[in-house]
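Here is what each chain is made of, one letter per residue.
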Amino acid sequence: VVIFFGIISGIGFIVVVAYILQKQLVERRFFSVVKESSQESPSPKHSELSEKLRLNSGIDFPTFEIKTLLSVPHSDDSIVMLHYKKEFRNVLRCSSNGSVVWVAELPQQSHDVYTNLDWHEQKLRAFSWSCFSVILDVETGKILSSVFTK
């Protein structure tokens, strides 16, 4: 009986922690979307790099409009998340001239896209539409770790 109540208590704790983490993730996504959508026109840096990507990437992305732009420490390269209206590999690393160094892996092979991107504890973190939080290798774009968040 004592073991049974211990197991039930442990499960209850896990459920509460999962709920809190999910709530924080939803709030983070909401505030991130609100913050980004309040920007009426793209910055000149976004527009310039977007045009360089269109001309020099060698890849026919559905869009070249940049949603998120992060600097790579100790490099002239940038990490870019392109706006998404459909599923595609929309996170990439590019040089200052717009040539693509890598395009990030997705946690799901199909029907997925990244929705948020940031530096977290000096690691490149991305969130996908399919509810995965991943850490991407900044040198290769490969997924180093993945956590299902829903």
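Residues numbered from 1 in each chain as written. Predicted model: local features only at pLDDT ≥ 70, side-chain atom pairs only at ≥ 80, totals over all residues. Heavy atoms only, no water.

A.B. asks: Pulling in residues and values, what's your account of the overall build of the protein chain?
C.D. replies: Regarding its fold elements, the protein chain presents 2 helices and 8 strands. The N-to-C order of helical and strand elements in the protein chain reads α-α-β-β-β-β-β-β-β-β. A buried classification covers 35% of the 150 residues belonging to the protein chain. Considering only intrachain contacts with a sequence separation of at least 6, the fraction spanning at least 24 residues in the protein chain is 39%. (Helix = DSSP H or I, 4+ residues; strand = E, 2+ residues; numbered from the N terminus. Buried < 20%, exposed > 50% of the residue type's maximum accessible area, 1.4 Å probe, protein only. Contact = heavy atoms within 4.5 Å.)

A.B. asks: Now, about the nonpolar core: what can you tell me, with residues and values included?
C.D. replies: For soluble globular proteins, nonpolar side chains are generally found buried alongside one another. Within the largest apolar cluster, 15 residues are counted, with the highest numbers of intra-cluster contacts made by Ile79, Val91, Tyr114, Leu117, Leu124 and Leu136. The biggest single contributor to this core is strand S7 (residues 132-136), with 3 residues. Leaving out residues up to four positions away in the same chain, Leu136 has contacts with Val91, Ala104, Glu105, Tyr114, Leu124, Ala126, Gly141, Lys142, Ile143 and Leu144. Counting 12 residues, the second-largest nonpolar core is a separate cluster that includes Phe61, Val80, Leu82 and Phe88. (Core = buried A, V, L, I, M, F, W, Y, C linked by side-chain atoms within 4.5 Å.)

A.B. asks: Can you lay out unusual backbone geometry for me, pointing to particular residues and giving the numbers?
C.D. replies: Although it is not a glycine, His74 adopts a positive phi angle of roughly 60 degrees. With respect to the secondary-structure elements, His74 resides in the loop between strand S1 (66-71) and strand S2 (78-82). Of note, the phi angle at Cys131 is positive, near 75 degrees, even though the residue is not glycine. Checked against the element boundaries, Cys131 lands in the loop between strand S6 (123-128) and S7. Among the residues examined, Cys131 registers a relative accessible area of 16% and is labelled buried.

A.B. asks: Would you mind going over the sheet that holds S6 in detail, with residue names and values included?
C.D. replies: With respect to topology, 4 strands assemble into an open sheet ordered S5-S6-S7-S8, the strand pairing being antiparallel. On the outer flanks of this sheet lie strand S5 (114-120) and strand S8 (143-148), each paired with one strand and no other. On average, adjacent strands in this sheet sit at an angle of 20 degrees to one another, irrespective of strand direction. (Pairing = 2+ DSSP bridges. Axes fitted to C-alpha atoms, helices over the stretch in contact; angles between N-to-C directions.)

A.B. asks: I'd like a description of the confidence of the model for the protein chain, backed by residues and values.
C.D. replies: Per-residue pLDDT for the protein chain averages 85, and the proportion of residues at 70 or more is 81%. Taken element by element, the protein chain is modelled with least confidence in helix H1 (residues 2-37), mean pLDDT 60, and with most confidence in strand S3 (residues 91-94), mean pLDDT 98. In this model residues 29-39 is a low-confidence stretch, pLDDT under 50, and it forms 8 contacts with partners more than four residues away in sequence or in other chains. (pLDDT = per-residue confidence, 0-100.)

A.B. asks: A description of a nonpolar patch on the surface should follow, citing residues and the corresponding values.
C.D. replies: On the surface, Ile3, Phe4, Ile7, Ile8, Ile11 and Val15 cluster together to form a nonpolar patch covering roughly 620 Å² of accessible area. For Ile7, the position within the fold is in helix H1. The exposure class assigned to Ile7 is partly exposed, which follows from its relative accessible area of 48%. (Patch = residues over 30% accessible without salt bridge, like charges linked within 9 Å, V, L, I, M, F, W, Y side chains within 5 Å. Areas by Shrake-Rupley, 256 points an atom, 1.4 Å probe, with all protein chains shown as cover. Salt bridge = Lys/Arg side-chain N within 4 Å of Asp/Glu carboxyl O.)

A.B. asks: Please provide a residue-by-residue account of helix H2 (residues 44-56), values included.
C.D. replies: For H2, spanning 13 residues, the distance from its first C-alpha to its last is 18 Å, which sits close to the expected 18 Å at 1.5 Å a residue. All of the buried residues in H2 are His46, Leu49, Ser50 and Leu53. Buried residues of H2, seen end-on, are gathered within an arc of 105 degrees and therefore sit on one face of the element. Turned more than 90 degrees away from the buried face of H2 sit Pro44 and Leu55, all of them exposed. Packed against the buried residues of H2 are S1, S2, S3 and strand S4 (100-103). A positive backbone phi angle near 75 degrees is found at Gly58, which sits one or two residues after H2. (Expected span 1.5 Å × (residues − 1). Arc of directions from axis to C-beta.)

A.B. asks: Requested: an account of the pairing of S7, with residues and values cited.
C.D. replies: A regular strand carries its side chains on alternate faces of the sheet. Summarising burial for S7: 5 of the 5 residues are buried, a large majority. The pairing of S6 with S7 spans 4 bridges and is antiparallel. The partner of Ala126 across the bridge, within S7, is Val134. Between the antiparallel neighbours S6 and S7 lie 3 residues, among them Cys131 with a positive phi of about 75 degrees.

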